[in-house]
Amino acid sequence: MLNVVIFGAPGSGKGTQSELIINKYGLYHISTGEVLRGEIKSKTELGIIAEEYISKGQLVPDEITIKMLTNIIDTNKSSKGFIFDGFPRNLNQGEALDILLRAKGTAITAIINLSVDEPELIKRLLKRGEESGRSDDNLETINKRLEVYRTQTEPLKEFYKKQGKNISISGTGSVDEIFSRIAEALDRIKEATSNS
Ligand code: B4P
(Lines give C-alpha, C1' and ligand atoms only; values in the text may rest on other atoms or scores of the structure.)
Protein backbone atom coordinates (compact mmCIF):
# COMPACT_ATOMS: atom_id res chain seq x y z
CA MET A 1 0.00 0.00 0.00
CA LEU A 2 1.16 3.55 -0.72
CA ASN A 3 0.17 5.72 2.26
CA VAL A 4 1.15 9.36 1.94
CA VAL A 5 0.73 12.25 4.35
CA ILE A 6 0.55 15.64 2.66
CA PHE A 7 1.89 18.07 5.19
CA GLY A 8 2.28 21.83 5.43
CA ALA A 9 0.98 25.07 6.87
CA PRO A 10 -2.57 26.31 6.17
CA GLY A 11 -2.66 27.43 2.54
CA SER A 12 0.47 25.49 1.56
CA GLY A 13 -1.54 23.65 -1.11
CA LYS A 14 -2.32 20.35 0.62
CA GLY A 15 -5.87 20.18 -0.74
CA THR A 16 -4.84 21.45 -4.20
CA GLN A 17 -2.01 18.94 -4.65
CA SER A 18 -4.03 16.06 -3.14
CA GLU A 19 -6.49 16.31 -6.03
CA LEU A 20 -3.67 15.81 -8.54
CA ILE A 21 -2.06 13.01 -6.52
CA ILE A 22 -5.29 10.99 -6.30
CA ASN A 23 -5.79 11.30 -10.06
CA LYS A 24 -2.34 9.98 -10.87
CA TYR A 25 -1.87 7.35 -8.15
CA GLY A 26 -5.45 6.24 -7.44
CA LEU A 27 -5.15 6.77 -3.70
CA TYR A 28 -8.13 7.34 -1.45
CA HIS A 29 -8.23 10.98 -0.33
CA ILE A 30 -8.93 11.70 3.34
CA SER A 31 -9.19 15.43 4.07
CA THR A 32 -10.22 15.94 7.68
CA GLY A 33 -10.86 19.64 6.95
CA GLU A 34 -13.25 18.75 4.11
CA VAL A 35 -15.09 16.16 6.20
CA LEU A 36 -15.47 18.67 9.03
CA ARG A 37 -16.75 21.39 6.66
CA GLY A 38 -19.32 18.88 5.34
CA GLU A 39 -20.51 18.21 8.90
CA ILE A 40 -20.78 21.97 9.54
CA LYS A 41 -22.80 22.46 6.36
CA SER A 42 -25.20 19.65 7.32
CA LYS A 43 -25.47 21.12 10.82
CA THR A 44 -24.80 17.76 12.50
CA GLU A 45 -23.96 17.54 16.20
CA LEU A 46 -20.29 17.02 15.28
CA GLY A 47 -20.44 19.98 12.86
CA ILE A 48 -21.80 22.32 15.52
CA ILE A 49 -18.91 21.41 17.85
CA ALA A 50 -16.31 21.59 15.04
CA GLU A 51 -17.45 25.05 13.90
CA GLU A 52 -16.65 26.54 17.30
CA TYR A 53 -13.01 25.52 16.90
CA ILE A 54 -12.54 26.06 13.16
CA SER A 55 -13.95 29.60 13.18
CA LYS A 56 -11.40 30.50 15.88
CA GLY A 57 -8.50 28.90 14.00
CA GLN A 58 -8.08 26.17 16.63
CA LEU A 59 -7.71 22.44 16.15
CA VAL A 60 -10.85 20.36 16.60
CA PRO A 61 -10.36 18.01 19.63
CA ASP A 62 -8.39 14.84 18.92
CA GLU A 63 -11.12 12.47 20.12
CA ILE A 64 -13.35 13.77 17.30
CA THR A 65 -10.79 13.74 14.47
CA ILE A 66 -9.21 10.39 15.42
CA LYS A 67 -12.62 8.69 15.58
CA MET A 68 -13.57 10.25 12.25
CA LEU A 69 -10.36 9.02 10.62
CA THR A 70 -10.74 5.50 12.03
CA ASN A 71 -14.24 5.24 10.52
CA ILE A 72 -13.05 6.42 7.10
CA ILE A 73 -10.13 3.96 7.02
CA ASP A 74 -12.40 1.11 8.14
CA THR A 75 -14.92 1.74 5.40
CA ASN A 76 -12.25 1.97 2.66
CA LYS A 77 -10.07 -1.01 3.53
CA SER A 78 -9.77 -2.23 -0.05
CA SER A 79 -8.18 0.97 -1.37
CA LYS A 80 -4.67 0.88 -2.93
CA GLY A 81 -3.52 3.37 -0.33
CA PHE A 82 -4.46 6.63 1.30
CA ILE A 83 -3.50 10.25 1.07
CA PHE A 84 -3.88 11.91 4.45
CA ASP A 85 -4.55 15.62 3.90
CA GLY A 86 -4.63 17.72 7.08
CA PHE A 87 -4.10 14.75 9.38
CA PRO A 88 -2.06 14.40 11.57
CA ARG A 89 -1.93 17.94 12.94
CA ASN A 90 -0.21 17.24 16.27
CA LEU A 91 2.02 14.54 17.81
CA ASN A 92 -0.90 12.76 19.46
CA GLN A 93 -2.63 12.40 16.06
CA GLY A 94 0.66 11.23 14.50
CA GLU A 95 1.03 8.49 17.08
CA ALA A 96 -2.65 7.52 16.74
CA LEU A 97 -2.25 7.22 12.95
CA ASP A 98 0.79 4.94 13.31
CA ILE A 99 -1.10 2.67 15.74
CA LEU A 100 -4.17 2.58 13.51
CA LEU A 101 -2.20 1.64 10.39
CA ARG A 102 -0.07 -0.91 12.25
CA ALA A 103 -3.25 -2.66 13.38
CA LYS A 104 -4.21 -2.94 9.69
CA GLY A 105 -0.79 -4.39 8.80
CA THR A 106 0.39 -1.26 6.99
CA ALA A 107 2.25 2.02 7.69
CA ILE A 108 2.89 5.53 6.41
CA THR A 109 5.17 5.30 3.36
CA ALA A 110 6.22 8.97 3.18
CA ILE A 111 5.25 12.49 4.08
CA ILE A 112 5.31 15.21 1.46
CA ASN A 113 6.21 18.34 3.35
CA LEU A 114 5.25 21.48 1.39
CA SER A 115 7.22 24.55 2.43
CA VAL A 116 5.86 28.02 1.64
CA ASP A 117 6.79 31.29 3.37
CA GLU A 118 4.25 33.04 5.59
CA PRO A 119 3.56 36.16 3.47
CA GLU A 120 2.66 33.87 0.54
CA LEU A 121 0.43 31.69 2.77
CA ILE A 122 -1.45 34.74 4.04
CA LYS A 123 -1.86 36.09 0.50
CA ARG A 124 -3.33 32.77 -0.75
CA LEU A 125 -5.72 32.34 2.18
CA LEU A 126 -7.01 35.92 2.00
CA LYS A 127 -7.65 35.43 -1.72
CA ARG A 128 -9.52 32.16 -1.07
CA GLY A 129 -11.52 33.93 1.69
CA GLU A 130 -12.68 36.52 -0.85
CA GLU A 131 -13.64 33.85 -3.38
CA SER A 132 -15.16 31.13 -1.18
CA GLY A 133 -16.29 33.01 1.89
CA ARG A 134 -14.72 30.36 4.15
CA SER A 135 -15.24 31.54 7.73
CA ASP A 136 -11.64 30.75 8.74
CA ASP A 137 -9.97 32.63 5.86
CA ASN A 138 -9.84 36.09 7.49
CA LEU A 139 -6.64 37.75 8.76
CA GLU A 140 -7.27 37.26 12.48
CA THR A 141 -8.10 33.55 12.13
CA ILE A 142 -5.28 32.97 9.61
CA ASN A 143 -2.75 34.36 12.13
CA LYS A 144 -4.14 32.06 14.83
CA ARG A 145 -3.98 29.06 12.44
CA LEU A 146 -0.34 29.86 11.61
CA GLU A 147 0.49 30.02 15.32
CA VAL A 148 -1.25 26.66 15.92
CA TYR A 149 0.73 25.25 12.98
CA ARG A 150 4.06 26.48 14.41
CA THR A 151 3.42 25.25 17.95
CA GLN A 152 1.41 22.04 17.45
CA THR A 153 1.84 20.77 13.88
CA GLU A 154 5.44 21.62 12.95
CA PRO A 155 6.94 19.31 15.64
CA LEU A 156 5.62 16.42 13.52
CA LYS A 157 8.39 17.13 11.00
CA GLU A 158 10.95 15.81 13.54
CA PHE A 159 8.67 12.84 14.30
CA TYR A 160 8.71 11.79 10.63
CA LYS A 161 12.37 12.73 10.06
CA LYS A 162 13.29 10.28 12.83
CA GLN A 163 11.33 7.61 10.94
CA GLY A 164 13.22 8.55 7.73
CA LYS A 165 9.95 9.39 5.96
CA ASN A 166 10.09 13.17 5.54
CA ILE A 167 10.36 14.55 1.99
CA SER A 168 10.66 18.34 1.77
CA ILE A 169 9.24 19.93 -1.38
CA SER A 170 9.14 23.62 -2.23
CA GLY A 171 5.45 24.61 -2.34
CA THR A 172 6.11 27.83 -4.28
CA GLY A 173 5.60 28.15 -8.02
CA SER A 174 2.72 27.07 -10.26
CA VAL A 175 0.41 24.23 -9.18
CA ASP A 176 1.77 22.07 -12.04
CA GLU A 177 5.41 22.78 -11.20
CA ILE A 178 4.83 21.75 -7.59
CA PHE A 179 2.98 18.62 -8.68
CA SER A 180 5.93 17.61 -10.92
CA ARG A 181 8.24 17.81 -7.90
CA ILE A 182 5.84 15.66 -5.85
CA ALA A 183 5.32 13.10 -8.62
CA GLU A 184 9.09 12.74 -9.10
CA ALA A 185 9.48 11.96 -5.37
CA LEU A 186 6.50 9.55 -5.29
CA ASP A 187 7.65 7.71 -8.43
CA ARG A 188 11.07 7.21 -6.84
CA ILE A 189 9.45 5.81 -3.68
CA LYS A 190 7.15 3.52 -5.65
CA GLU A 191 10.08 2.16 -7.60
CA ALA A 192 12.15 1.62 -4.44
CA THR A 193 9.29 -0.17 -2.65
CA SER A 194 8.52 -2.39 -5.65
CA ASN A 195 12.21 -3.44 -5.85
CA SER A 196 12.48 -4.23 -2.16
P1 B4P B 1 -7.84 22.23 6.06
O2 B4P B 1 -9.10 22.01 5.34
O3 B4P B 1 -6.90 21.09 6.21
O4 B4P B 1 -7.23 23.44 5.27
P5 B4P B 1 -5.93 24.34 5.18
O6 B4P B 1 -4.79 23.78 5.97
O7 B4P B 1 -6.41 25.65 5.59
O8 B4P B 1 -5.57 24.45 3.65
P9 B4P B 1 -4.72 23.68 2.52
O10 B4P B 1 -3.26 23.58 2.80
O11 B4P B 1 -5.43 22.40 2.18
O12 B4P B 1 -4.82 24.72 1.36
P13 B4P B 1 -5.28 24.64 -0.14
O14 B4P B 1 -4.64 23.57 -0.93
O15 B4P B 1 -6.75 24.64 -0.13
O16 B4P B 1 -8.15 22.72 7.58
C17 B4P B 1 -9.14 23.69 7.96
C18 B4P B 1 -9.40 23.63 9.49
O19 B4P B 1 -10.04 22.37 9.86
C20 B4P B 1 -8.19 23.70 10.41
O21 B4P B 1 -7.75 25.02 10.66
C22 B4P B 1 -8.71 22.99 11.70
O23 B4P B 1 -9.47 23.86 12.51
C24 B4P B 1 -9.64 21.92 11.17
N25 B4P B 1 -8.97 20.61 11.06
C26 B4P B 1 -8.71 19.95 9.90
N27 B4P B 1 -8.06 18.79 10.16
C28 B4P B 1 -7.90 18.72 11.50
C29 B4P B 1 -7.28 17.78 12.37
N30 B4P B 1 -6.66 16.69 11.89
N31 B4P B 1 -7.29 18.01 13.71
C32 B4P B 1 -7.88 19.10 14.19
N33 B4P B 1 -8.48 20.04 13.44
C34 B4P B 1 -8.49 19.87 12.09
O35 B4P B 1 -4.74 26.02 -0.68
C36 B4P B 1 -5.11 27.27 -0.15
C37 B4P B 1 -5.31 28.29 -1.26
O38 B4P B 1 -4.10 28.49 -1.97
C39 B4P B 1 -6.36 27.87 -2.28
O40 B4P B 1 -7.19 28.95 -2.56
C41 B4P B 1 -5.54 27.47 -3.51
O42 B4P B 1 -6.22 27.70 -4.71
C43 B4P B 1 -4.31 28.37 -3.37
N44 B4P B 1 -3.12 27.72 -3.93
C45 B4P B 1 -2.77 26.41 -3.81
N46 B4P B 1 -1.61 26.18 -4.46
C47 B4P B 1 -1.19 27.39 -4.97
C48 B4P B 1 -0.06 27.82 -5.73
N49 B4P B 1 0.89 26.97 -6.10
N50 B4P B 1 0.03 29.13 -6.05
C51 B4P B 1 -0.93 30.01 -5.70
N52 B4P B 1 -2.04 29.68 -4.99
C53 B4P B 1 -2.17 28.38 -4.63
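Before reading on, note that the structure itself is shown above.
As a starting point, this report considers the structure included with it. (Residues numbered from 1 in each chain as written. Predicted model: local features only at pLDDT ≥ 70, side-chain atom pairs only at ≥ 80, totals over all residues. Heavy atoms only, no water.)

**Some points on the overall build of the chain**
Okay, step 1: Along the backbone of the chain there are nine helices and five strands.
Okay, step 2: Element order for the chain, N to C, with α for helix and β for strand: β-α-β-α-α-α-β-α-β-α-α-α-β-α.
Okay, step 3: For a compact globule of 196 residues, the expected C-alpha radius of gyration is about 16 Å, and the chain comes in at 16 Å, within 12% of that figure.
Okay, step 4: Oriented by its inertia axes, the alpha-carbon framework of the chain measures out at about 50 × 35 × 30 Å.
Okay, step 5: The buried share of the chain, taken over its 196 residues, is 47%.
Okay, step 6: Considering only residue pairs separated by 6 or more positions, the chain has 73% of its internal contacts joining residues 24 or more positions apart.
Okay, step 7: Separation between the mean location of the 27 positive side-chain charges and that of the 28 negative ones in the chain comes to 3 Å. (Helix = DSSP H or I, 4+ residues; strand = E, 2+ residues; numbered from the N terminus. Rg over C-alpha atoms; globule rule 2.2 N^0.38 Å. Buried < 20%, exposed > 50% of the residue type's maximum accessible area, 1.4 Å probe, protein only. Contact = heavy atoms within 4.5 Å. Lys, Arg positive; Asp, Glu negative; His and termini not counted. Charge placed at Lys NZ, Arg CZ, Asp CG, Glu CD.)

**Re the side chain of T153**
Okay, step 1: Looking at the secondary structure, you find T153 in helix α7 (residues 139–153).
Okay, step 2: Reaching out from T153, the side chain makes a polar contact with the backbone oxygen of R89 at a distance of 2.8 Å.
Okay, step 3: Here T153 is in contact with F7, P88, R89 and V148, once residues within four sequence places are set aside. (Polar contact = N/O pair within 3.5 Å; in protein donor to acceptor, adjacent residues only side chain to side chain.)

**Digging into the environment of F87**
Okay, step 1: Take F87: it is sitting in the loop between β3 (82–85) and α5 (91–103).
Okay, step 2: Distance from F87 to K161, taken between C-alpha atoms, is 17 Å for residues 74 residues apart in sequence.
Okay, step 3: Aside from chain neighbours lying at most four places away, what touches F87 is V5, T32, T65, I66, L69, Q93 and L97.

**Some thoughts on the sheet that holds strand β5 (residues 166–170)**
Okay, step 1: The sheet built from five strands is open, its strands ordered β2-β3-β1-β4-β5 with parallel pairing. The open sheet is flanked by β2 (28–31) and β5, the only strands paired with a single partner. Taking the axes of each pair of neighbouring strands and ignoring which way they run, one obtains an average angle of 20° across the sheet.
Okay, step 2: Here strand β1 (residues 4–8) runs beside strand β4 (residues 110–115); their pairing, made up of five bridges, is parallel. Residue pairing across strands places V4 opposite A110, the latter belonging to β4. (Pairing = 2+ DSSP bridges. Axes fitted to C-alpha atoms, helices over the stretch in contact; angles between N-to-C directions.)

**Concerning the packing of aromatic side chains**
Okay, step 1: All told, the structure shown has four aromatic pairs when counted by the stated rule.
Okay, step 2: Measuring from centroid to centroid gives 6.2 Å for F7 and Y149, while their planes differ by 50°, and the two rings are tilted. Placement of the pair is F7 in strand β1 and Y149 in helix α7, with a sequence separation of 142 residues. As far as the burial class goes, F7 and Y149 line up, both buried.
Okay, step 3: Between F82 and F84, the aromatic rings sit 5.7 Å apart at their centres with planes inclined by 35°, giving tilted as the arrangement. The exposure classification of F82 matches that of F84, with both residues buried.
Okay, step 4: Each residue in the set Y28, F82 and F84 is aromatic and connected to the rest through ring pairs, giving one cluster. (Phe/Tyr/Trp six-rings, centres within 6.5 Å; stacked < 30°, edge-to-face > 60°.)

**Some points on the pairing of β4**
Okay, step 1: Among the six residues that make up β4, five are buried, leaving the element largely enclosed by the rest of the structure.
Okay, step 2: In this structure, β4 lies alongside β5, joined through five bridges in parallel fashion. Paired with N113 across the two strands is S168, which belongs to β5.

**Considerations on helix α3 (residues 45–54)**
Okay, step 1: Within α3 the residues assigned to the buried category are G47, A50 and I54. Seen end-on, α3 carries its buried residues on one side only, within an arc spanning 65°. Opposite the packed face of α3, turned more than 90 degrees from it, sit the exposed residues E45 and I48.
Okay, step 2: Against α2 (32–41) and α7 lie the buried residues of α3. (Arc of directions from axis to C-beta.)

**A word on the nonpolar core**
Okay, step 1: In this structure, V5, L69, I73, F84, L97, I108 and Y160 are the most contacted members of the largest nonpolar core, which totals 25 residues.
Okay, step 2: Secondary structure elements with two or more residues in this core: β1, α4 (62–75), β3, α5, α6 (118–132), α7 and α8 (156–162).
Okay, step 3: Each residue touching L69, except ones within four places of it in the same chain, is listed here: I30, F84, F87, L97 and L100.
Okay, step 4: In this structure, L2, L114, I178 and A183 belong to the second largest nonpolar core, which totals 19 residues. (Core = buried A, V, L, I, M, F, W, Y, C linked by side-chain atoms within 4.5 Å.)

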